[in-house]
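Coordinate analysis (summary)
Below are the chains, spelled out letter by letter.
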Amino acid sequence: VVVGISLTAFFRTGRSLWRKAVALATEIGVAADRLSAVTDELEALDERDGSTEPAVFADPTELRRERYLSRRPGRPTPRETRPARAAPHPRP
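Each value, and the rule that gives it
- Residues numbered from 1 in each chain as written.
- Predicted model: local features only at pLDDT ≥ 70, side-chain atom pairs only at ≥ 80, totals over all residues.
- Heavy atoms only, no water.
- Helix = DSSP H or I, 4+ residues; strand = E, 2+ residues; numbered from the N terminus.
- Areas by Shrake-Rupley, 256 points an atom, 1.4 Å probe, with all protein chains shown as cover.
- Patch = residues over 30% accessible without salt bridge, like charges linked within 9 Å, V, L, I, M, F, W, Y side chains within 5 Å.
- Salt bridge = Lys/Arg side-chain N within 4 Å of Asp/Glu carboxyl O.
- Lys, Arg positive; Asp, Glu negative; His and termini not counted.
- Charge placed at Lys NZ, Arg CZ, Asp CG, Glu CD.
- Buried < 20%, exposed > 50% of the residue type's maximum accessible area, 1.4 Å probe, protein only.
- Polar contact = N/O pair within 3.5 Å; in protein donor to acceptor, adjacent residues only side chain to side chain.

**Concerning the overall build of the protein**
The number of helices and strands found in the protein is three helices and zero strands. Ordered by position in the sequence, the α and β elements of the protein form the string α-α-α. Of the roughly 9,400 Å² of accessible surface on the protein, 61% is carried by carbon and sulfur atoms.

Structure below.
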């Protein structure tokens, strides 16, 4: 009787572990599919964007020249093009 009870407990524990492992594998499969879809979408957006390399990797001389040309007299500086902040509300 004791052997039968222990075999039943062992069987139930093993079956429970098996079911949890199958559920985990299913969740991992779904997550991998979602990640694959998002990765494909990001790659498609990156290819469609066609942007230039980040300024960190660009030639410093070229960046200085662009900055100088953007600050020529007669052109507004970035601070001048920002909208003014709203005045704070008076306290009652």
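**Some points on a negative patch on the surface**
Taken together, the side chains of Asp40, Glu41, Glu43, Asp46 and Glu47 present a region of like negative charge at the surface. Tracing the sequence through the fold places aspartate 40 in helix H1 (residues 2-49). Residue aspartate 40 is classed as partly exposed on the basis of its relative accessible area, which comes to 45%.

**Remarks on the environment of glutamate 62**
Counting through the fold element by element, glutamate 62 comes out in helix H2 (residues 60-70). On the basis of relative accessibility, which here comes to 30%, the residue glutamate 62 falls in the partly exposed class. Among the polar contacts made by the side chain of glutamate 62, one reaches the side chain of arginine 65 at a distance of 2.5 Å.

**Here we look at a nonpolar patch on the surface**
Where nonpolar side chains cluster on the molecular surface, the patch consists of Val38, Leu42 and Leu45 and spans about 260 Å² of accessible area. With respect to the secondary-structure elements, valine 38 resides in helix H1. Looking at valine 38, the relative accessible area reads 44%, which means it is partly exposed.

**Things to note about the pattern of salt bridges**
Here the structure, examined in full by the defined rule, presents one salt bridge. With a closest N to O distance of 2.5 Å, glutamate 62 and arginine 65 form a salt bridge. Of this pair, glutamate 62 and arginine 65 both sit in helix H2, three residues apart, which is roughly one turn of that helix.

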